[in-house]
2 protein chains.
Amino acid sequence: MQQSIQLSVDAVVFGYESGTVSVLLIKRKYEPFKGQWAIPGGFVLNKESLEEAVQRELKEETGLEINYLEQLYTFGNPDRDPRNRVVSVAYFGLIKPSAFKIFASTDAEAVQWFDINELPNLSFDHDSILKLAINRLQNKMTYEPIGFELLDNKFPFSDIEKLYSSLLGRAIDRRNFRKKLLSFNILDELNEKTSKGSGRPAKLFKFNKKRYFKLKEEGIIFDI
Amino acid sequence: MQQSIQLSVDAVVFGYESGTVSVLLIKRKYEPFKGQWAIPGGFVLNKESLEEAVQRELKEETGLEINYLEQLYTFGNPDRDPRNRVVSVAYFGLIKPSAFKIFASTDAEAVQWFDINELPNLSFDHDSILKLAINRLQNKMTYEPIGFELLDNKFPFSDIEKLYSSLLGRAIDRRNFRKKLLSFNILDELNEKTSKGSGRPAKLFKFNKKRYFKLKEEGIIFDI
DNA sequence: TCAAAAGTGTTGATTCTACACCCATGG
DNA sequence: CCATGGGTGTAGAATCAACACTTTTGA
């Protein structure tokens, strides 16, 4: 048997910052799809694990170093790459863009965050990968506490609220949401308040990381 | 870049029949792990999709032809195969063993259903694949109607109950379960009863397939 | 004093859980 | 008449969804 299938990995990195959800894309430097936007990714090397590969590729192409990406799905249609047979294992993750510096290198002509409501045309089958990733992210956050590490160390409650309604793409009931979240005991109320901004100053909260990670591991049902 | 990674697929096929949950395994004919049991699977051909590959391999090795397997996870640790680098995309499915004939062929010296509580030693990392598959199956069935096609055309309610408690590996409350299930309106009560067997004869039910598949597609929360 | 955002409770509906006794049949 | 499995209801607890007015601050 002569197999000539190439294996690649792709990283769908979502960014969340003050109410905007975005995805990190690169502009391809080479054919195929030269000049078009794509999800960062590349070929797996012989001796590295898939996780290592996806982290390496992400770093090489965008400068991003993040340490947790979750496997999403493996895309293997024979014609998804116009030249060779390439099967790709897609991963996804969620970060806070401002905490990282991004820069184009190797195969990328440019790197950019795109608002997920204003996406360009994507290369290959990357639109379906992205669609699936969004789906999964939204699904996941309804049963697992997720993404709290995206907020500042101390934050007003409205930040989480915005985070959730942005990622879910729909409004959530402020009172019910607060009640629910507080009942999990993962937020410690501080004695400080927000100082500037119009309107009444808000109490600041902080995560109780221990309990947060415990909940996450237990896979507790969140049910937002 | 010289990539020499081989891509394979594996099929975790669960069987359910009258209270017993089993998995289909093959006995390997060749090295590595010659003579040991393994999950059926094999290399993906250049022109076939992953789904085609997993179906073909399953058929070649076990004689089974089933038309729906769901992607589970992709296993890619560099040392999971002692000889070459092999990345494997695992799938899983659930069938009724008696409705199919199985027989060993190609790479398999034997094919056999194993009760999932009495598993032999498995080749490669197949034990972790299997563990993940069981997990996923159990998880899935709590939020999606699943596996009803495993029952006879007409069946007493206790059959579903047994199906669920076997697959979940725990007892379920008979009354609450019946209430819940009936509330979904996917079961039509017939005017027939079971005839033989000791004890009071049971009413027979039949699926309302339309509604069943609709529910399934909608991904309705099942919450058993 | 106005605008802006924060904070806060209740009620009725629904759903969940736990739990035990009688029924119909065949042997 | 006994053994076997089938069938059924309730009550209290918990959770959910819907909903609007008051408070604090800065401008």
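Residues numbered from 1 in each chain as written. Chains lettered and ligands numbered in written order. Predicted model: local features only at pLDDT ≥ 70, side-chain atom pairs only at ≥ 80, totals over all residues. Heavy atoms only, no water.

Within an unreviewed UniProt entry, the label attached to chain A reads NUDIX hydrolase, and the organism entered is Olleya sediminilitoris. Recorded in UniProt for chain A, the comment headed Sequence similarities (unreviewed entry) runs: "Belongs to the Nudix hydrolase family." (UniProt positions renumbered as here; feature names shortened; annotations may be inferred.)

> Hey, could you go over the interface of chain B and chain A for me, with residue numbers and the actual values?
Contacts between chain B and chain A engage 26 residues on the former and 26 residues on the latter. On the surface where chain B and chain A come into contact, there are 0 salt bridges. Our count for the chain B to chain A interface comes out at 17 residue pairs in polar contact (both at pLDDT 80 or more). Looking at the side of chain B that touches chain A, the elements that each hand over two or more residues are β1 (6–17), α1 (50–62), β5 (70–75) and β6 (86–95) of chain B. Classifying every residue of the side of chain B that touches chain A by side-chain character gives 12 nonpolar, 10 polar and 4 charged. (Contact = heavy atoms within 4.5 Å. Salt bridge = Lys/Arg side-chain N within 4 Å of Asp/Glu carboxyl O. Polar contact = N/O pair within 3.5 Å; in protein donor to acceptor, adjacent residues only side chain to side chain. Helix = DSSP H or I, 4+ residues; strand = E, 2+ residues; numbered from the N terminus. Nonpolar A, V, L, I, M, F, W, Y, C, P; charged D, E, K, R; others polar.)

> Got a sec to walk through the environment of D159 of chain A? Specific residues and values, please.
Residues and elements named next belong to chain A. Structurally, the position occupied by D159 is in helix α3 (residues 157–168). Residue classification places D159 among the partly exposed residues on the basis of a relative accessible area of 21%. Between the C-alpha atom of D159 and that of S18, which follows or precedes it by 141 residues, the distance is 7.5 Å. When near neighbours in sequence (up to four residues on either side) are disregarded, D159 contacts Y16 and L151. (Buried < 20%, exposed > 50% of the residue type's maximum accessible area, 1.4 Å probe, protein only.)

> With reference to specific residues and values, describe the sheet that holds strand β10 (residues 203–207) of chain A.
Residues and elements named next belong to chain A. Pairing within the open sheet is antiparallel, and its 3 strands lie in the order β8-β10-β9. Each end of this open sheet is capped by a strand with a single partner; those strands are β8 (155–156) and β9 (187–193). Examined bridge by bridge, β8 and β10 share 2 bridges and lie antiparallel to one another. Pairing of P156 across the sheet is with L204, part of β10. (Pairing = 2+ DSSP bridges.)

> Could you give an account of the protein's contact with DNA strand D, naming the residues involved and the relevant values?
Neighbouring residues of DNA strand D: 21 residues in total, closest D223 of chain A together with R174, G199, R200 and K203 of chain B. The sugar-phosphate portion of DNA strand D accounts for 39% of its atoms within 4 Å of the protein, the bases making up the rest. R200 of chain B is positioned with one of its backbone polar atoms (N or O) 3.4 Å from a sugar or linking oxygen of DNA strand D. At 2.7 Å, a backbone N or O of K203 of chain B approaches a phosphate oxygen of DNA strand D. Where the surface near DNA strand D is concerned, the elements lending two or more residues are α4 (174–183) of chain A together with α4 (174–183) of chain B. A per-element tally of the surface near DNA strand D places α4 of chain A first, with 5 residues. (Near = heavy atom within 4 Å.)

> Could you give an account of the packing of aromatic side chains, naming the residues involved and the relevant values?
Under the definition given, this model contains 29 aromatic pairs over all chains. Judged by centre distance (5.9 Å) and plane angle (75 degrees), the rings of F148 of chain A and Y164 of chain A are edge-to-face. Note that F148 of chain A is positioned in the loop between α2 (126–143) and β8 and Y164 of chain A in helix α3, a separation of 16 residues in sequence. Neither residue differs from the other here; F148 of chain A and Y164 of chain A are each classed as buried. Between Y73 of chain B and F75 of chain B the ring centres are 5.2 Å apart and the planes differ by 70 degrees, which places this aromatic pair in the edge-to-face class. Look at F75 of chain B and you get buried, because its relative accessible area is 11%. Within the aromatic cluster, the residues linked to one another by ring pairs are F148, F155, F157, Y164, F177, F184, F205, F207, Y212, F213 and F222 of chain A. Just above the ring of F157 of chain A sits the side chain of R178 of chain A; from NZ or CZ to the centre is 4.8 Å. (Phe/Tyr/Trp six-rings, centres within 6.5 Å; stacked < 30°, edge-to-face > 60°. Lys NZ or Arg CZ within 6 Å of the ring centre and 35° of its normal.)

> Go over the pairing of β5 of chain B, please, and point to the residues and values.
Residues and elements named next belong to chain B. Of all 6 residues in β5, 5 are buried; the element is thus mostly enclosed. Here β5 pairs with β6 via 5 bridges, running antiparallel. Following the sheet pairing, F75 is matched in β6 by S88.

> Outline a positive patch on the surface, supporting the account with residue identities and numerical values.
On the surface, R174, R175, R178 and K179 of chain A cluster together into a positively charged patch. Mapped onto the elements, R174 of chain A comes out in helix α4. (Patch = residues over 30% accessible without salt bridge, like charges linked within 9 Å, V, L, I, M, F, W, Y side chains within 5 Å. Areas by Shrake-Rupley, 256 points an atom, 1.4 Å probe, with all protein chains shown as cover. Lys, Arg positive; Asp, Glu negative; His and termini not counted. Charge placed at Lys NZ, Arg CZ, Asp CG, Glu CD.)

> So, the packing of helix α2 (residues 126–143) of chain B against helix α3 (residues 157–168) of chain B: which residues are in play, and what are the values?
Residue and element names in this part refer to chain B. Put simply, α2 and α3 touch, their axes get as near as 9 Å, and they point 140 degrees apart. By the angle class used here, α2 and α3 are oblique. Here L137, Q138, M141 and T142 of α2 lie close against α3, whose contacting residues are Y164, L167 and L168. Of the residues in the contact of α2 with α3, the class split is 5 nonpolar, 2 polar and no charged. (Axes fitted to C-alpha atoms, helices over the stretch in contact; angles between N-to-C directions. Parallel < 35°, antiparallel > 145°, perpendicular 65-115°, else oblique.)

> Give a description of the relation of the copies chain B and chain A that names residues and reports values.
Of the transformation superimposing chain B on chain A, the axial component is 0.0 Å and the angular component is 180 degrees, with the fit at an RMSD of 0.1 Å. Taken together, these values place the two copies in the relation of a two-fold axis. (Least-squares fit on C-alpha atoms with pLDDT ≥ 70 in both.)

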